[in-house]
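# Overview (structure and organization)
Residues per chain, in single letters:
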Amino acid sequence: LRPSGWQKGPLLDVSKRTDPLMIERGLLGLALAPDFRKTGRFYIYFTRRDGDAMVEEYRTIPGRPGVLQPGSRRTILRIPRVHELSNHNGGHLEFRGNQLYISVGDGNDPGDLANLAQNPGSLRGKILRIDPRKDPVSGRPYRIPAGNPFVGVPGRDEVFAMGLRNPHSFNFSTSSDGTSMMSIYDVGQSRFEELNYL
């Protein structure tokens, strides 16, 4: 939406890269970088036609947020599918400072037979935390926050929280005493849903 009204045509169309007939797949998340007004950086989370989950960066032209920069697409993360249905993909993206939080489901349905959510070596069934700016030392397309729990110990450095089924959304809040809290909304099976607090 522009001050003058709705923009004609989409800013970005990924419909040909997704499969609209598959359940719980498609474009699942969008987040603007904190410096969006200056850099035009934004991020999407979607599932490809083959079921892999993707986090990609795009940029708009500075000062023209309704115009995509040609050739600005950059792959940040690719998370391979783990089941033929490629269900339970999560997909919520949210910035807190320069850190991007990414919710990723266990990739299965109905059960996590491979126990990926409890495996710190897997990106599935997790909340991930990265800084999506390129790491100038390693050349990796993102940086790892030093405070992530598996930095320097066995497990994926990107993991922030684990043991989740299909965390479809989350949010942050701060209490009156200054304590920060993350609320994670997770999917149950037949009778119960789940709400987790960090």
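Conventions used here
Residues numbered from 1 in each chain as written. Predicted model: local features only at pLDDT ≥ 70, side-chain atom pairs only at ≥ 80, totals over all residues. Heavy atoms only, no water. Pairing = 2+ DSSP bridges. Helix = DSSP H or I, 4+ residues; strand = E, 2+ residues; numbered from the N terminus. Core = buried A, V, L, I, M, F, W, Y, C linked by side-chain atoms within 4.5 Å. Buried < 20%, exposed > 50% of the residue type's maximum accessible area, 1.4 Å probe, protein only. Contact = heavy atoms within 4.5 Å. Salt bridge = Lys/Arg side-chain N within 4 Å of Asp/Glu carboxyl O.

## Observations concerning the pairing of strand E11 (residues 180–186)
- Pairing geometry for strand E10 (residues 169–174) and E11, over 6 bridges, is antiparallel. Pairing of Phe172 across the sheet is with Met182, part of E11.
- Between E10 and E11, which follow one another and run antiparallel, lie 5 residues, and Gly178 among them has a positive phi close to 90°.
- Two elements, E11 and strand E12 (residues 194–197), share 4 bridges in a ladder whose sense is antiparallel. By the bridge assignment for E12, Asp186 is matched with Glu194.

## Some thoughts on the nonpolar core
- Ranked by size, the top nonpolar core spans 20 residues in total, and within it Tyr43, Tyr45, Leu77, Leu93, Leu100, Ile102 and Leu128 carry the most contacts.
- Looking at this core, the elements with two or more residues in it are strand E2 (41–47), strand E3 (53–61), strand E5 (74–79), strand E6 (93–96), strand E7 (99–104) and strand E8 (126–130).
- Setting aside anything within four residues of it in sequence, one finds Leu128 in contact with Leu77, Ile79, Leu100, Tyr101, Ile102, Val104, Leu123, Glu158, Val159 and Phe160.

## As for the pattern of salt bridges
- Within the structure shown, the criterion is met by 10 salt bridges.
- Between Arg17 and Glu56 there is a salt bridge, with the nearest N and O atoms lying 2.7 Å from each other. In this pair, Arg17 sits in the segment before strand E1 (27–32) while Glu56 sits in strand E3, placing the two residues 39 residues apart along the sequence.
- Exposure remark for Glu56: the relative accessible area of 1% places this residue in the buried category.
- A single salt-bridge network, built from bridges that share partners, covers Arg48, Asp50, Asp52 and Arg78.

The analysis is restricted to geometry; functional conclusions fall outside its scope.
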